[in-house]
Structure formats: C-alpha cells, structure tokens
Amino acid sequence: MSEEPAPYGGGRPASSDQATSTDQAAAPAAAPRRRTRTVHLQQMKQKGERFAMLTAYDQYSAEIFDEAGVPVLLVGDSAGNNVFGYETTLPLTLDEFIPLVRAVSGAAKYAMVVADMPFGTYGGSIQQGFDSAVRLMKEGRAHAVKLEGGAPMVPLVKALTDAGIPVMAHIGFTPQSEHNLGGYRVQGRGEAAAKMIADGRALQDAGAFSIVMEMVPAPVAAEVTKALRIPTIGIGAGVDCDGQVLVWQDFAGLRGGKAPRFVKRYADLRGELLRAAQEYKQDVESGTFPAAEHSFAE
C-alpha cells in the first residue's frame, strides 16, 4: 500500500545561480499540502522530525496558524481561561466549547484539529466519555480528542480508539486536576518518573496516537519519549519531546502578567493592540477619524 502524501511539501525554491534555460530539466514541483493525520505524526517521529502544535479558539487564529504550516491545532480547554475569563479550566462546559471547536475546524484547511475534553465530560464512565467525544467529532468536527490522565484513562482510551475516535493523551501536570495536585507543580520527579513511563506505555498500548507531557522534568520527558513508539508533545517538558505546544495568547504576548517559565514570547500583541486602541481613541476625540477617505460622498 502506498504512503499517503506528506502534509506539507518539502520542495525548496531554486537558488538564483541555477540555470533557467529550457534545455535543462525542470526542477520537480513541491508536493501538494495535505491534511495532517495521525500517521504523519508517527512518520515524523520515526524520521526524527520535530513538529509544532498551537492552541486556537477562533476562525482567524486557526487560519493564520494553518497558513504558517503549523500541523496540529489544539482547541484546548484553556479556552476557559483565555476566552471566557474563568479562573481555571474547570467551569468550561461542552455546550460552550463545541462552537469554538467548530470555528477552528472550519477554518483550518490542512492542520489536524484536536479538541480537549472538558472537565466533567469523561471521568464518570466510559459511556459519558464516548458520548462527549462523539459530540466533539460530530458537532465540533474535530479530527481527534484529547483527555487528561494516566493509567485510569486506559479503558476509555481503548473504547474510543476501538470506536474510531483518535485520542491524544495528556500526562504530567494535568490542569483539570490542579486542586488534587496541590496547584501548578512539576510532576514526575524522583520515584514518580517510573510511573510517568508506565502511564505512557499503558496509554500507547490502549491506542493513543500521541501524548502531551506538561511540566515534567526534561530528563524524565526524554526517557518517556525514547520509551514510546508514539510521538510525545511537550509543554514545559524540555527539548527532547517529538513536538511542542504553547497557548497562542502566551506565545504571541496577548496575555498580560508574568508568563510561565516554559513560555517564549514571539510577539507583543498586547502592546500593539493597546497602542492601536489608544491611537484610535485619540483620532476619534480629535475629529481626525473618520477622514474624507473613510466617508461616502452623495
């Protein structure tokens, strides 16, 4: 069986010193972009190719990150903090969340769209988890779901994957359990490192296609990554994970205040939006906006 085309073309533009005469064979065209799928992430791990994942919660962020070539977009339950303004992710409901998932999946042409399963939508029973995942796939049009937890989640992961629902697992610090874990604390230190590896293997064997590791010591995350056949995705878990994920409001500098240690800010959107809003306010107050070019003639 032939392999499905890679999600992104690998062709490079010809350098300026290359001959362009018609008697020279034309360079091969870059492969067309295709939707990223679980098999592509597996192929990337096998080839030692790292990949990026970003959160997205709306049409425009999804369009931009998709155009940038980010292969995986996570519609995270971090929408609770970053969209609805809740103190934690816990209050987020499935009914609030599904429209965000649908907005991202409708805008992303090439990226795989993974939807988090909000707190309280899957921990009660396998049937509850199945029903919630089906809603995210059918109503939200997600391509996969993500759930938090180690070995206790194995029966649900197996049930979902057996039903044709791809599952991304999440171990280490799990925000939905922050009250049980005693707050935002690094997980997997000392004797807990062995459990991290065991949980990863159990989730892999249950059918998970990848595993997020959050706030895990870098050497432990490296051991888990080496021990697993499926890709690992780090957030505060060091450079040796197969992929990395950040919340887009953090990486783009939209959120104010002190950022977590594992965040690198690539822009200052908060500062730029503040400047633009202040300039607009001044233009309106001074009467310089709208100008003639922004108005209609008779």
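Basis of the calculations
Counting restarts for each chain: residues are numbered from 1 in the order of the written sequence. Local features in this predicted model are restricted to residues whose pLDDT is 70 or higher, and side-chain atom pairs enter the listing and the counts only when it is 80 or higher, whereas totals over whole chains, interfaces and linings include all residues. Side-chain figures throughout are based on the complete set of non-hydrogen atoms in the structure, without hydrogens or water. Put simply, DSSP marks the helices as runs of H or I at least four residues long and the strands as runs of E at least two long, and each gets a number from the N terminus on. Here the term buried applies to any residue with accessible area under 20% of the maximum for its type, exposed to any over 50%, and partly exposed to those in between, with areas from a 1.4 Å probe on protein chains only. Contacts were defined at the residue level, with two residues in contact if any of their heavy atoms lie within 4.5 Å. Here the open area of atoms and residues is found with the Shrake-Rupley method and a 1.4 Å probe, where only the protein chains shown may cover a residue. Here the nonpolar core consists of buried residues drawn from Ala, Val, Leu, Ile, Met, Phe, Trp, Tyr and Cys, with membership extended through side-chain atoms lying within 4.5 Å. Take a side-chain nitrogen of Lys or Arg and a carboxyl oxygen of Asp or Glu: if they are within 4 Å of each other, that pair is a salt bridge. When DSSP finds at least two bridges between two strands, those strands are taken to pair. Between N-to-C directions, angles cover 0 to 180 degrees, with each direction set by a line fitted to C-alpha atoms, over the stretch in contact for helices. UniProt positions are given in the numbering used here, feature names are shortened, and annotations may be inferred rather than shown by experiment.

> Is there a simple way to explain the overall build of the protein in this structure?
The number of helices and strands found in the protein is 11 helices and 8 strands. Within the protein, the proportion of its 298 residues that are buried is 42%. For the protein, restricting intrachain contacts to residue pairs at least 6 apart in sequence, the fraction spanning at least 24 positions comes to 59%. For the protein, the accessible surface area stands at approximately 16300 Å², while carbon and sulfur atoms represent 54% of it.

> I would appreciate a short explanation of the nonpolar core in the present structure.
Across soluble globular proteins, nonpolar side chains have a tendency to be buried as a group. Formed by 58 residues in total, the largest nonpolar core has its most connected members in Leu73, Phe97, Leu136, Leu147, Leu160 and Met213. Per element, the largest residue contribution to this core is 7 residues, and it comes from helix 4 (residues 94–107). Filtering out sequence-adjacent residues up to four positions away, Leu160 remains in contact with Met117, Gly129, Phe130, Ala133, Val145, Leu147, Ile165 and Val167. Of all hydrophobic cores here, the second largest spans 15 residues; its members include Phe51, Leu74, Ile233 and Val245.

> I would appreciate a short explanation of the pattern of salt bridges in the present structure.
A side chain with one charge can pair with a side chain of the opposite charge if their charged atoms come near. Using the criterion set out here, one finds 10 salt bridges in the structure. The salt bridge partner of Lys146 is Asp116, with a shortest N-O separation of 2.8 Å. With Lys146 in strand 4 (residues 144–148) and Asp116 in strand 3 (residues 112–116), this pair connects stretches of sequence that are 30 residues apart. Here Asp116 falls in the buried class, since its relative accessible area comes to 2%. In the salt-bridge network here, residues are joined through shared partners; they are Asp95, Arg135 and Glu139.

> Would you take a moment to explain helix 1 (residues 38–47) for this structure?
Side chains three or four residues apart in an α-helix point the same way, a direct result of the helix having 3.6 residues per turn. Residues of helix 1 that are buried: His40, Leu41, Gln43, Met44 and Lys45. Elements that come into contact with the buried residues of helix 1 comprise strand 1 (51–55), strand 2 (72–75), strand 3 and helix 9 (218–227). A positive phi of about 75° marks Gly48, the residue just after helix 1.

> What am I meant to see in the sheet that holds strand 8 (residues 243–246) here?
Paired through backbone hydrogen bonds, the strands of a sheet run either parallel or antiparallel to each other. Taken in spatial order, the 8 strands line up as 1-2-3-4-5-6-7-8 and close into a barrel, and their pairing is parallel. Between one strand and the next, the sheet's axes are offset by a mean angle of 25°, whatever the strand orientation. Where strand 4 lies against strand 5 (residues 167–172), 4 bridges are found, and the strand directions are parallel. Opposite Val145, over in strand 5, you have Val167 as the bridge partner.

> I'm lost on the UniProt feature "active site" (unreviewed entry) in the protein in this one. Help?
In this numbering, the UniProt entry assigns the feature "active site" (unreviewed entry) to Glu214. Note on placement: Glu214 falls in strand 6 (residues 210–214). Judged by its relative accessible area of 9%, Glu214 falls in the buried class. For Glu214, the contacting residues outside a window of four places in its chain are His170, Ile171, Gly172, Phe173, Pro175 and Ile235.

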